[in-house]
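Residues per chain are reported as follows:
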Amino acid sequence: MEDFYQFALEVAHKAGEEVMRFFFKPHQISYKGEINLVTEADLASERLIKKSICAKYPQHAILAEESGLKGGEEIDIRWIIDPLDGTTNFAHGLPWFCVSIALEIKKEIVLGAIYSPVLKEMFSALKGHGAFLNGKPIKVSQTQKLIKALLATGFPYDVQQHPEPVMTRFHRMIMHARGIRRAGSAALDLCYVACGRFDGFWEERLHPWDTAAGVLIVQEAGGKVSDFTGRPYSIYEKEILATNGFLHENMLRVLQIDGDRRE
Ligand code: IPD
Ligand code: CA
Ligand code: CA
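The notes below deal with the structure included here. These numbers come from a predicted model, not from an experiment. (Residues numbered from 1 in each chain as written. Chains lettered and ligands numbered in written order. Predicted model: local features only at pLDDT ≥ 70, side-chain atom pairs only at ≥ 80, totals over all residues. Heavy atoms only, no water.)

## Some points on the overall build of the protein chain
Step number 1: Looking only at helices and strands, the protein chain features 7 helices and 15 strands.
Step number 2: For 263 residues, the compact-globule formula gives about 18 Å, and the C-alpha radius of gyration of the protein chain, at 17 Å, lands near that figure.
Step number 3: By its C-alpha atoms, the protein chain is 50 × 40 × 35 Å across when sized along the principal axes.
Step number 4: The long-range fraction of contacts in the protein chain, counting pairs at least 24 apart against all pairs at least 6 apart in sequence, stands at 64%.
Step number 5: As displayed, the protein chain offers around 12000 Å² of accessible surface, 55% of which is attributable to carbon and sulfur atoms. (Helix = DSSP H or I, 4+ residues; strand = E, 2+ residues; numbered from the N terminus. Rg over C-alpha atoms; globule rule 2.2 N^0.38 Å. Contact = heavy atoms within 4.5 Å. Areas by Shrake-Rupley, 256 points an atom, 1.4 Å probe, with all protein chains shown as cover.)

Now the structure itself:
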C-alpha cells in the first residue's frame, strides 16, 4: 500500500506542476454546460495522470472526470481522479484549485492525495495511518458551536435550473454560522476541514472524483462525514456533510428541510 501512496503523491505533484504551466497564459475554454467549463489544463493534467497509472499499473481501473471509466466495473482496484478541481477559479486566474487522486480497493477508499500547486500544499491520507499536510499530521478543529464556525459549501453547475433545495439550505446555514465561504473547490474545502481551517463543509450533487480523496483525508484527520440524514457517506451518492465531529448533529439539523426523511 505504501508504494501506491508514494506513487499517488508523486503523480498529484507532477499533475499540479502541469496545471501551473498553463495558469498564467490565456486559456482555451470549452463548455460542458452553460457555466461548466473545461480548460486545456484539465485535459493535460488528466492525460498525465492516466499515462502514469497505465505505465505503472496497467491492470488497474481509472475513473477520471473528463474521460470516464477505463477498465470494467468488475475491476476491484480503481483510481479516482479529478485532474483539476476548481476549474472556474483556474479559468479566472484565482489561485484556489487542486489535483485530486484517490485509490479505491473493493469499494473502499484507501488513500488520497490532493495537491494545491499555487500554495504548494500536499494534503494526503493513508487509511489507518492519519492525514497529512506536506508530510506533517493534521487534525480537525475543536470548534463546538455553530455560531463560532467558519463553514464551506459549493453550488452545483445546474443550480440555475434547480435552485432548490440548495438555496434554502444555504440560507438556513448562514443564519446559524459565523461565516460561510464558497471558494470553488470541493476537494480543497474538504482538506481545509481536515486541517481545521474550516469547521464544516456541505454540498450536494457532487461527483465521486470531487470527494474521493478529500473524504478519507477528513476522516483520517478525526472528522466525520455523512449524507444529510446522518447515514455513512458514499462517493457515489449526492449529498455530503463533513465536519470536525462536534458540529455534525447541529449541522444535520440545520440542513434538514421540510419533507426530508430522517432515520
Ligand atoms: C467543482 C468544484 C466546486 C463545486 C462543484 C464542482 P470542478 O469541480 O469542486 O467547488 O462547487 O460542484 O463540480 O468542476 O472545478 O472540477
Ligand atoms: Ca471537481
Ligand atoms: Ca475537475
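## Quick word on unusual backbone geometry
If a residue is not glycine, its phi is most likely negative; likewise, a peptide bond is most likely trans.
Step number 1: Cis geometry is adopted by the peptide bond preceding Pro165, which originates at Glu164 and carries an omega value of 5°.
Step number 2: One non-glycine residue, Lys120, lies in the positive phi region at around 55°.
Step number 3: With respect to the element layout, Lys120 can be found in the loop between strand 7 (108-116) and strand 8 (121-126).
Step number 4: One non-glycine residue, Arg205, adopts positive backbone phi at about 65°.
Step number 5: With respect to the helices and strands, Arg205 occurs in the loop between strand 13 (200-204) and helix 6 (208-220).

## Quick word on the coordination of the calcium ion (ligand 2)
Step number 1: Here the calcium ion (ligand 2) is held by Asp82 (OD), Asp85 (OD) and Asp210 (OD), and the distances to it run 2.1 to 2.2 Å.
Step number 2: Mapping the donors of the calcium ion (ligand 2) onto the primary sequence gives the spacing D-x2-D-x124-D.
Step number 3: Between the calcium ion (ligand 2) and the calcium ion (ligand 3), both coordinated by Asp82, there is a metal-metal distance of 3.7 Å. Pair noted here: Asp85 is in strand 5 (residues 77-85) and Asp210 is in helix 6, with a separation of 125 residues, a long-range link.
Step number 4: Residue classification places Asp85 among the buried positions, given a relative accessible area of 6%.
Step number 5: Classification of Asp210 as buried rests on a relative accessible area of 9%. (Donors = N, O, S within 2.8 Å, 3.2 Å for Na, K, Ca; no water. Buried < 20%, exposed > 50% of the residue type's maximum accessible area, 1.4 Å probe, protein only.)

## Examining the sheet that holds strand 14 (residues 224-226)
Step number 1: The mixed open sheet is built from 5 strands, whose spatial order is 12-11-13-15-14. Where the open sheet ends on each side, the last strands, each with one partner, are strand 12 (179-181) and strand 14. Along the sheet, successive strands turn relative to each other by an average axial angle of 20°, direction set aside.
Step number 2: Pairing geometry for strand 11 (residues 150-153) and strand 13, over 3 bridges, is parallel. For Thr153, the partnering residue across the bridge sits in strand 13 and is Trp202.
Step number 3: Across the sheet, helix 5 (residues 186-194) lies against strand 11, strand 13 and strand 15 (239-243), angled at about 155° from strand 13, the strand it touches most.
Step number 4: Contacting strand 11, strand 13, strand 14 and strand 15, helix 7 (residues 248-255) crosses the sheet at an angle of about 145° to strand 15. (Pairing = 2+ DSSP bridges. Axes fitted to C-alpha atoms, helices over the stretch in contact; angles between N-to-C directions.)

## Thoughts on the coordination of the calcium ion (ligand 3)
Step number 1: Donor atoms from the polypeptide that coordinate the calcium ion (ligand 3) comprise Glu65 (OE), Asp82 (OD) and Leu84 (O), at 2.2 to 2.4 Å from the metal.
Step number 2: In primary sequence terms, the donor set of the calcium ion (ligand 3) follows E-x16-D-x1-L.
Step number 3: Given a relative accessible area of 1%, Asp82 falls into the buried group.

## Regarding the pairing of strand 3 (residues 61-64)
Consecutive side chains along a regular strand alternate between the two faces of the sheet.
Step number 1: Side chains Ala61 and Leu63 of strand 3 all project onto a buried face; the interleaved residues Ile62 and Ala64 project onto the opposite face, where all are buried too.
Step number 2: The pairing of strand 3 with strand 5 spans 4 bridges and is classified as parallel. What sits directly across from Ala64, in strand 5, is Ile81.
Step number 3: Pairing of strand 3 with strand 4 (residues 68-70) involves 3 bridges; the strand directions are antiparallel. The residue bridging Ile62 from the neighbouring strand is Lys70, located in strand 4.

Worth remembering: the numbers are spatial, not functional.
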